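Analysis of the macromolecular model
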Amino acid sequence: MTDDSDLVAAVSGLRTAIEILEADLLARARDRACAPTAGKPTYMAPKEASAICGRSESTIRRDCEANPVHLGGFGLKIGGRWRVLVAAYIEQRGPARFRR
């Protein structure tokens, strides 16, 4: 039978591994977001973002409104339509929210 301290140590080790993997996924997602345009920001429509991250389009539009680019967020309104700054969205919402 396993001692409780062994289980605590195992869980702690797994949490550390998860944190490392999430940081790696975030870095890779950020690299992918910037790669196609050679360092220029990549934007997508809320509809595209909703298909990728599993949130509704209206929720993403509300998120864009609450997090504008000029305040360090990910929402940019161009011609009356919202665009999502991919790298910033991934940073703020985490890689789990932005599956590929």
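Now for a look at the structure at hand. Predicted model, so just to flag it, every value in this text is computed and none were measured.

1. Some points on the overall build of the protein
Check the secondary structure of the protein and you find four helices and three strands. Sorting the 100 residues of the protein into buried and exposed places 28% on the buried side. Summing over all exposed atoms, the protein offers an accessible surface of approximately 6800 Å²; the carbon and sulfur share of this is 55%.

2. Looking at the nonpolar core
Core analysis: the largest hydrophobic core is formed by 14 residues, its most contacted members being Met44, Ala49, Ile60, Cys64, Phe74, Val84 and Tyr89. When residues of this core are traced back to their parent elements, those giving at least two are α2 (46-53), α3 (57-66), β3 (81-85) and α4 (86-93). Broken down by element, the residue count for this core peaks at four residues, all from α4. Those residues in contact with phenylalanine 74, other than ones at most four positions away along the chain, are Asp63, Cys64, Asn67, Pro68, Val69, Arg83, Val84, Leu85, Ala88, Tyr89, Gln92 and Arg93.

3. Some thoughts on the packing of α2 against α3
Two numbers describe how α2 lies on α3: the axes approach to 8 Å, and their chain directions differ by 115 degrees. When the interaxial angle is binned, α2 and α3 end up roughly perpendicular. For the crossing formed where α2 meets α3, the hand is right-handed. Of the residues in α3, those touching α2 at Pro46, Lys47, Ala49, Ser50 and Cys53 are Glu57, Ile60 and Arg61. Residue composition of the contact of α2 with α3, by class: four nonpolar, one polar and three charged.

What counts, and at which threshold
- Residues numbered from 1 in each chain as written.
- Predicted model: local features only at pLDDT ≥ 70, side-chain atom pairs only at ≥ 80, totals over all residues.
- Heavy atoms only, no water.
- Helix = DSSP H or I, 4+ residues; strand = E, 2+ residues; numbered from the N terminus.
- Buried < 20%, exposed > 50% of the residue type's maximum accessible area, 1.4 Å probe, protein only.
- Areas by Shrake-Rupley, 256 points an atom, 1.4 Å probe, with all protein chains shown as cover.
- Core = buried A, V, L, I, M, F, W, Y, C linked by side-chain atoms within 4.5 Å.
- Contact = heavy atoms within 4.5 Å.
- Axes fitted to C-alpha atoms, helices over the stretch in contact; angles between N-to-C directions.
- Parallel < 35°, antiparallel > 145°, perpendicular 65-115°, else oblique.
- Left-handed = near helix turned anticlockwise from the far one by under 90°.
- Nonpolar A, V, L, I, M, F, W, Y, C, P; charged D, E, K, R; others polar.

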